[in-house]
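Coordinate analysis (summary)
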Amino acid sequence: MSAAATEFADLGPLNRAKEQRSWYWYDWANSAYYTTVLTVLFAPYMITVAGRAAGCGKDPDDTCSKTVDVFGLHLAAGALPFYLTSFATILSAFILPVVGAMVDRSNRKKWHLAGFAWSGAAVASLLFFMQGDNWQLPAVVIVVSSVLAGCSLISYSAILCDISTEDERDRVSSRGWAFGYLGGGILLLVNLAIVLGHDAVGIDKELAVRLSLLSAAIWWAAFTIIPFRGLRDRPATNVLRETGGLLKRSFGQLFTTLKELRNYPMTLTFLVAYLFYNDGIQTVIYAASTYGSKQLEFGDSVLIATILLIQFVAFGGALYFGRLAARYGAYRAILGGTFAWMVIVVVAMFLPAGNVALFLVVGIAIGIVLGGTQALSRSFFSLLIPRGRAGEYFALYNACERGTSWFGVLLFGVVFQVTGSYRPAIVSLVVFFVLGAIFLIRLDPRRGIEEAGNAVPATV
């Protein structure tokens, strides 16, 4: 029996289940920020505010043509939120690995989780003051809060390895993702109702947006209390002996991890596969509304309904893929998911304009595969991590996601520019799923789990 299995046996299944239920709530908590703020409301409202500062009129096309000054760079007001999120993404890729090494060396993982979460929520609450032509404060806020959210997820993912056995990972991770989709979807539904029906509650639309942004920060902070109270800290294990302070030792362990990664070829292979297929997933989600509005000619009501549909279907998708993993193994379920994504983007290319029913069917398919592939990617990767090194490795996992997630957007934009149509642009994303599948096929999951020193689950 592995050291991890011995520790879990001593803990007992009832105590593990209790901590797991507490752990789920952080997915519920932080998903509100990702859905309400980053996915739906921040970008269009920031464009409006920055557009005022740029001297744009009411014409939305005019908003996209004039610029604001950002440290001497003249950036189009209409593109500002996307530059900001891209900058936060790249910044996170440098910061998260160091945070991960620090988390592994700490005996207080839940304190890191809560500290980063509450700090991020406090910063995000300042988005309430985004009004008039004040775009500078929210520009800083969205970058800082995004980075802090990423830091909190390092601790959150690392704790998964502490509260579940290898055989439980898929189920626990899937339920966490499902819980997150449900929580984020519920708050988004409420906020969209307030924004769209602002006249009924006696407030203007901008105040409704600002209150919705504030509600996401409050939701994030409030529900983080549950995992903070329900989880327990554990001593760090299997860390390198380094001299100096915590930050110096964290950098030392990070550099050692990067060098040692070649000793875990299956872990590295999965990271490369994840880099490709996750980039495809993120780009599909990013481009879906543009494709629906510009190519398929749908109005805002259809697009909003589809966003909510995907959010709630992903709840069931995560649970469904968890059951598939229990029967066939996470590796096979993820590989099957990449082929399903290939089918989705090919079908999307041929969707007729104005056909709402078919568009919603594709949205349902996206929701099912989206929740499942994300949940099982996290749990499967946790099996490829050496014991006691979860923070560092999940930091590399998130850095791969954040540091390269602009490739798909770039390809989408270039193909559109060359062809003048979003149809070839959307189908071009199939290359990311093909490359992801190729690397997954080259991966030997049992070998990778054994090399990391973990027990091989009954189904892989």
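Residues numbered from 1 in each chain as written. Predicted model: local features only at pLDDT ≥ 70, side-chain atom pairs only at ≥ 80, totals over all residues. Heavy atoms only, no water.

Let us look at empty space enclosed by the protein. Scanning the entire structure with this criterion turns up 1 cavity of 30 Å³ or more. There is about 40 Å³ of room inside the largest cavity. As for the largest cavity, its lining consists of Lys109, Lys110, Ile159, Asp162, Leu231, Arg232, Asp233 and Arg234. For the lining of the largest cavity, the secondary structure elements donating two or more residues are helix H5 (109–124) and helix H6 (136–163). Considering only residue class, the lining of the largest cavity consists of 2 nonpolar, no polar and 6 charged. (1 Å grid on protein atoms, 1.4 Å probe; cavity = no way out; pocket = protein on both sides within 12 Å on 5 of 7 lines; lining within 4 Å. Points joined across faces, edges and corners; volume = space filled by probe spheres on them. Helix = DSSP H or I, 4+ residues; strand = E, 2+ residues; numbered from the N terminus. Nonpolar A, V, L, I, M, F, W, Y, C, P; charged D, E, K, R; others polar.)

Per the counting criterion, the structure on display carries 33 aromatic pairs. Where Phe128 meets Phe129, the ring centres are 5.6 Å apart and the plane angle is 80 degrees; that geometry is what we call edge-to-face. Aromatic side chains Phe270 and Phe380 sit 5.2 Å apart centroid to centroid with 70 degrees between the ring planes, which places their arrangement in the edge-to-face category. Of the two residues, Phe270 sits in helix H10 (residues 265–295) while Phe380 sits in helix H13 (residues 356–383), which places them 110 residues apart along the sequence. A network of ring pairs unites the aromatic residues Trp23, Tyr24, Trp25, Tyr26, Trp28, Tyr156, Phe179, Trp219 and Phe223 as a single cluster. The aromatic ring of Phe128 is capped on one face by Arg210, whose charged end is 4.3 Å from the ring centroid. (Phe/Tyr/Trp six-rings, centres within 6.5 Å; stacked < 30°, edge-to-face > 60°. Lys NZ or Arg CZ within 6 Å of the ring centre and 35° of its normal.)

Now for the side chain of Ser428. Assignment of secondary structure puts Ser428 in the loop between helix H16 (422–427) and helix H17 (430–441). A distance of 2.6 Å separates the side chain of Ser428 from the backbone oxygen of Ala425, its partner in a polar contact. Here Ser428 is in contact with Leu411 and Val415, once residues within four sequence places are set aside. (Polar contact = N/O pair within 3.5 Å; in protein donor to acceptor, adjacent residues only side chain to side chain. Contact = heavy atoms within 4.5 Å.)

Their axes nearest at 10 Å, the elements H6 and H13 cross at an angle of 60 degrees. When the axes of H6 and H13 are compared, the pair comes out oblique. Crossing of H6 against H13: the hand is right-handed. For the pair H6 and H13, contact is made by Tyr156, Ser157, Leu160 and Cys161 and by Arg378, Ser379 and Ser382, respectively. Residue composition of the contact of H6 with H13, grouped by class: 3 nonpolar, 3 polar and 1 charged. (Axes fitted to C-alpha atoms, helices over the stretch in contact; angles between N-to-C directions. Parallel < 35°, antiparallel > 145°, perpendicular 65-115°, else oblique. Left-handed = near helix turned anticlockwise from the far one by under 90°.)

Bringing the pattern of salt bridges into the picture now. Note on pairing: side chains with opposite charge can pair once their charged atoms come close. Considering all chains together, one arrives at 9 salt bridges under this definition. A salt bridge links Arg232 to Glu19; the shortest N-O distance between them is 3.6 Å. Placement of Arg232 in the loop between helix H8 (205–230) and helix H9 (246–260) and of Glu19 in helix H2 (residues 13–53) is noted, with a sequence separation of 213 residues between them. Classification of Arg232 as partly exposed rests on a relative accessible area of 44%. Glu451 serves as the salt-bridge partner of Arg447, at 2.7 Å between the closest nitrogen and oxygen. (Salt bridge = Lys/Arg side-chain N within 4 Å of Asp/Glu carboxyl O. Buried < 20%, exposed > 50% of the residue type's maximum accessible area, 1.4 Å probe, protein only.)

Another point: the layout of surface pockets. Its boundaries defined by the atoms lining it, the second largest pocket holds a volume of some 340 Å³. For the second largest pocket, the lining is made up of 13 residues, of which Val70, Phe71, Leu84, Phe87 and Val143 are closest to its centre. Elements represented by at least two residues in the lining of the second largest pocket include exactly strand E2 (73–76), helix H4 (80–105) and H6. Taken together, the residues of the lining of the second largest pocket break down into 12 nonpolar, 1 polar and no charged.

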